Amino acid sequence: MGFQCGIVGLPNVGKSTLFNALTATAAAEAANYPFCTVEPNAGRVSVPDERMAIIAGLAKSESLVPAQLEFLDIAGLVAGASKGEGLGNQFLGHIREVSAIAHVLRCFEGDEVTHVAGKVDPLADADVIDTELMLADLQSLERRVDPLVKKARGGDKESKAMLDLVQRAIALLEDGKPARIMEVSKDDAPLFNQMQLLTAKPIMYVCNVDEDSAATGNALTAKVAERAAAENAACVVVSAAIESEVAQLDDPEEKREFLESLGLERTGLERVIRAGYELLGLITYFTAGPKESRAWTIPGDSKAVDAAGVIHTDFARGFICAETIGYDDYIANNGEQGAKEAGKMRQEGRDYTVKDGDIILFRFNV
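Now for a description of the structure that goes with this document. (Residues numbered from 1 in each chain as written. Predicted model: local features only at pLDDT ≥ 70, side-chain atom pairs only at ≥ 80, totals over all residues. Heavy atoms only, no water.)

Of all the nine residues making up helix H1 (residues 15-23), eight are buried; the element is thus mostly covered by neighbouring parts of the structure. Among all positions of H1, only Lys15, Ser16, Leu18, Phe19, Asn20, Ala21, Leu22 and Thr23 are buried. (Buried < 20%, exposed > 50% of the residue type's maximum accessible area, 1.4 Å probe, protein only. Helix = DSSP H or I, 4+ residues; strand = E, 2+ residues; numbered from the N terminus.)

So, on to the pattern of salt bridges. Applying the stated criterion across every chain, the model contains 17 salt bridges. When the shortest N-O distance is used, the salt bridge between Asp130 and Arg227 registers 2.9 Å. With Asp130 in helix H4 (residues 122-153) and Arg227 in helix H7 (residues 219-230), the pair connects residues that are 97 residues apart, well separated along the chain. For the residue pair Asp130 and Arg227, the accessibility class agrees, reading buried in each case. Between Glu323 and Arg363 there is a salt bridge, with the nearest N and O atoms lying 3.3 Å from each other. With a gap of 40 residues between them, Glu323 in strand S10 (residues 319-325) and Arg363 in strand S12 (residues 359-364) connect regions that are remote in the sequence. On the basis of relative accessible area, Glu323 is assigned to the buried category, the value being 10%. Residues participating in the shared-partner salt-bridge network are Asp127, Asp130, Arg180, Arg227 and Glu231. (Salt bridge = Lys/Arg side-chain N within 4 Å of Asp/Glu carboxyl O.)

Another point: the packing of H4 against H7. To characterise two packed helices, one gives the angle between the axes of the helices and the distance between these axes. Running from N to C, H4 and H7 point in directions that differ by 40 degrees, and their axes come no closer than 9 Å. What the angle tells us is that H4 and H7 run oblique. Residue-level inspection shows Pro122, Leu123, Ala126, Asp127 and Asp130 of H4 in contact with H7, the latter providing Leu220, Lys223, Val224 and Arg227. Its residues assigned to classes, the contact of H4 with H7 comprises five nonpolar, no polar and four charged. (Axes fitted to C-alpha atoms, helices over the stretch in contact; angles between N-to-C directions. Parallel < 35°, antiparallel > 145°, perpendicular 65-115°, else oblique. Contact = heavy atoms within 4.5 Å. Nonpolar A, V, L, I, M, F, W, Y, C, P; charged D, E, K, R; others polar.)

With respect to the helices, strands and loops of the structure, Ser46 is situated in strand S2 (residues 41-46). Looking at Ser46, the relative accessible area reads 38%, which means it is partly exposed. Along the backbone, Ser46 and Glu70 are 24 residues apart, and their C-alpha atoms lie at a distance of 8.9 Å. With sequence-adjacent residues up to four places away left out, Ser46 is seen in contact with Pro66, Ala67, Gln68 and Ile273. Engagement of the side chain of Ser46 in a polar contact is seen with the side chain of Gln68, the distance being 3.3 Å. (Polar contact = N/O pair within 3.5 Å; in protein donor to acceptor, adjacent residues only side chain to side chain.)

Attention now goes to the packing of aromatic side chains. Within the structure shown, the criterion is met by four aromatic pairs. Measuring from ring centre to ring centre gives 6.5 Å for Tyr285 and Trp296, while their planes differ by 20 degrees; the resulting arrangement is stacked. In this pair, Tyr285 is assigned in strand S8 (residues 282-288) and Trp296 in strand S9 (residues 292-299), connecting sequence segments 11 residues apart. In terms of burial, Tyr285 and Trp296 fall into one category: buried. (Phe/Tyr/Trp six-rings, centres within 6.5 Å; stacked < 30°, edge-to-face > 60°.)

A large share of S8 lies buried, amounting to six of its seven residues. Taken together, the seven bridges between S8 and S9 define a ladder with antiparallel strand orientation. Looking at the pairing, Phe286 lines up with Ala295 of S9. (Pairing = 2+ DSSP bridges.)

On to the environment of Ile298, then. Of note, Ile298 is situated in strand S9. Along the backbone, Ile298 and Phe3 are 295 residues apart, and their C-alpha atoms lie at a distance of 9.4 Å.

As a further point, take the sheet that holds strand S7 (residues 234-238). By definition, the strands of a sheet pair up through backbone hydrogen bonds, in either a parallel or an antiparallel sense. Strand order in the open sheet made by the six strands is S2-S4-S1-S5-S6-S7, with mixed pairing throughout. The sheet is open, and its two borders are formed by S2 and S7, each paired with just one other strand. For this sheet the average axis-to-axis angle between neighbouring strands, irrespective of direction, equals 25 degrees. Helix-sheet contacts for helix H10 (residues 268-280) involve S2, strand S4 (68-73), strand S5 (100-106), strand S6 (203-208) and S7, and the interaxial angle to S7 is about 180 degrees.

Below, the discussion takes up the pairing of S6. Burial runs high along S6: six of the six residues are buried. Neither face of S6 is exposed, since Ile203, Tyr205 and Cys207 on one face and Met204, Val206 and Asn208 on the opposite face are all buried. Here six bridges tie S5 to S6, and the two strands are oriented parallel to one another. Residue pairing across strands places Ile101 opposite Ile203, the latter belonging to S6.

The values reported here are purely geometric and, on their own, carry no functional implication.
Listed below in structure tokens is the structure:
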């Protein structure tokens, strides 16, 4: 599994159209009225990685198993969602469960699709959603203060540290800023994560544009990009209309030619996934053999023993070593055997930090 990405936004900004296109399904009804998505729709997609086919070819693998990304299409939020307006509280709960948020913003003009606010202003739309998430976080944090104060006065060190984090987060939110920009030490990170704040979720702004702006963006996307940079967020320009057309093309060559005709090198799906991986600091390592070649997604600072545990807990429990070949060495030496003969296979211990693209064979004993 790669990661789970929740797609949020105001009603009628193109969330469900984008979800359908990205997952190449019709699981979510795309309609020109609010709340057409009542239950969150989930769709898994394979993570595109050009390295997989090359590795599988050298390993003579019978099958390829790419990493997976799950999109969760969450119904449109409106002002007052934190107080239960619209379908608010139910969907705030769904947001709490995802790894990252893809906030879809309408960045195209036109009267074909009605805007819930009556005008196109992506920054104002972003403010509506952010305000609701901030209010929900404030409610959650304020309920924690009194119990933490009592425990801290009783000498509980963890409660004292948590209280400090809670009070700092409250001050930040009351200032209209999301919790994700709060500076948290490495030691305090586990406590901060326990707070499960909605505004601490990594976020990417997905600018939904018309076809003519898909390659270069427009004045509206430039404003969103500026906001994203200030928040340490990601920003991706996508045309849901184009993605819908791409989803109908089965032939890879047809897709490539269609994208090139629009001045695009990659699909919106690939750009969203790349942005998500960078946002969450994720990397990919591979296992390869005659039966299958498979991609595994892990955090970028993962040790070998943790990477082994992603495959199976027994791999981590009985870890002996990780026989590792770097991707470039694997390719340059025509696969595992050639890399072995060239002395490019390394036996790494449990504390080895896995590199993006590593091809690994785990030795274990339980």
